[in-house]
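So you can see what is in the structure, the chains are spelled out below.
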Amino acid sequence: MITIKDIAKLAGVSYSTVSKALNSDPRIKPATRQKVLAVAEKHQYRKNIMAQQLSTGRSNIIGFVLDELSNPLFSNISGNLHTELKKRGYQMILVVADDGLDVFSQLRVDGCILWDYALDNRDAFWKKFATLNMPCFVLGTDEAPNSPYIKIDRKEGIYKAVEHLKSLGHSRIGFIGNSQNIKLEGYREALQRTGLEFDHRHVLPAHSSWEDGYFAIRNYTFEPDSPTAFIGLNNLVTRGALRALLEAGYNVPNDISLIGYDDLPDMQYAEVALTTIGPPLDELAAQAAELIVSLIRNEQVDYPVVIQPKLNHRHSTAICRQRVSEHQ
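Turning to the sheet that holds strand β7 (residues 203-204), a few remarks are in order. Across the sheet, which stays open at both edges, the six strands sit in the order β7-β6-β8-β9-β10-β12 with mixed pairing between neighbours. Two strands in the sheet have a free side with no partner beyond their single neighbour: β7 and β12 (310-312). In this sheet, strand β10 (residues 275-278) lies alongside strand β9 (residues 257-261) in parallel orientation, the contact comprising three bridges. Bridged to Ile259 within β10 is Thr275.

In structure tokens form, the structure reads like this:
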């Protein structure tokens, strides 16, 4: 395998010049950098991460910890985060839950970002990660840890969804999914804030998968006083619910309006383009990348960083038919 010293000899420059050129040091002239990169590419040079750590004390690697990969939300967040970190000169390693501790220890990553998720023993988990002695923060938490974190204002997001549906004349608004307390709390508070009544029968039990959303609707008996609009817990639940509504012969949005939480690119390509509420994933990734880099540089940071969900209007919500009939 070719080394930096080999590249220096072939390019006719010093070892330090090659090192700086490969790391995009602005002090290196563009022509010199291009010459070094051309030699490196010709001979298929690959960075030796361990050697870089020994010489600089840095790996330029950021760890990202998730608890599961089945939800496309996480692949979208991971892709955006990878892009933002790369802009800042870092690579990203994605690991699942507790596996991150061993991986990060061996690679000596410069910092890590943890997506907030339900833990059986949160204190024990954090105690383990504290032993890594590196910059680290929680992304997407609803709590207030005594450390930097990025919060998504989920309650405000649910409120915006309820407010939008009420503006269309819907007074009976249901919620599909009961596995995330913060969103359920937001739903109840949003009804109260908008002057609508909460009815526990309008909360359809569902966890977080496509199948959960599908069977929540399939198993629900629609009656004259049933909701005329629903909010889905997440993108998967909403997509499953939409399929079930269409199979049952309902027209979305003319019969029933539907809003999904999480705005992913594929939501606009559902059987009916779905109106959504959710944090802008590009903004979320940019803020996360900026925060971890600031922590690595030991810069003073203000926290929490709060991401506000945005309502994305598409074709799955419409004026309530009852409201239309009242004006005919």
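What follows concerns a nonpolar patch on the surface. Together, Leu69, Leu94 and Val96 make up a nonpolar patch on the protein surface, roughly 230 Å² of accessible area in all. When you line up the elements, Val96 lands in strand β2 (residues 91-96). Overall, Val96 belongs to the partly exposed group, its relative accessible area being 31%.

Scored by pLDDT, the protein has a mean of 88; 90% of the residues are at 70 or more. Here residues 324-328 is modelled with pLDDT under 50, and outside its nearest four sequence neighbours on either side it reaches one contact, counting other chains as well.

This part takes up the pattern of salt bridges. One pass over the structure, following the stated rule, counts twelve salt bridges. Two residues, Lys155 and Glu185, come together in a salt bridge whose shortest N-O distance is 3.3 Å. Of this pair, Lys155 sits in helix α8 (residues 154-167) while Glu185 sits in helix α9 (residues 181-193), and the two are 30 residues apart along the sequence. The exposure class assigned to Lys155 is partly exposed, which follows from its relative accessible area of 25%. Exposure remark for Glu185: the relative accessible area of 39% places this residue in the partly exposed category.

What counts, and where the lines are drawn
- Residues numbered from 1 in each chain as written.
- Predicted model: local features only at pLDDT ≥ 70, side-chain atom pairs only at ≥ 80, totals over all residues.
- Heavy atoms only, no water.
- Pairing = 2+ DSSP bridges.
- Helix = DSSP H or I, 4+ residues; strand = E, 2+ residues; numbered from the N terminus.
- Patch = residues over 30% accessible without salt bridge, like charges linked within 9 Å, V, L, I, M, F, W, Y side chains within 5 Å.
- Areas by Shrake-Rupley, 256 points an atom, 1.4 Å probe, with all protein chains shown as cover.
- Salt bridge = Lys/Arg side-chain N within 4 Å of Asp/Glu carboxyl O.
- Buried < 20%, exposed > 50% of the residue type's maximum accessible area, 1.4 Å probe, protein only.
- pLDDT = per-residue confidence, 0-100.
- Contact = heavy atoms within 4.5 Å.

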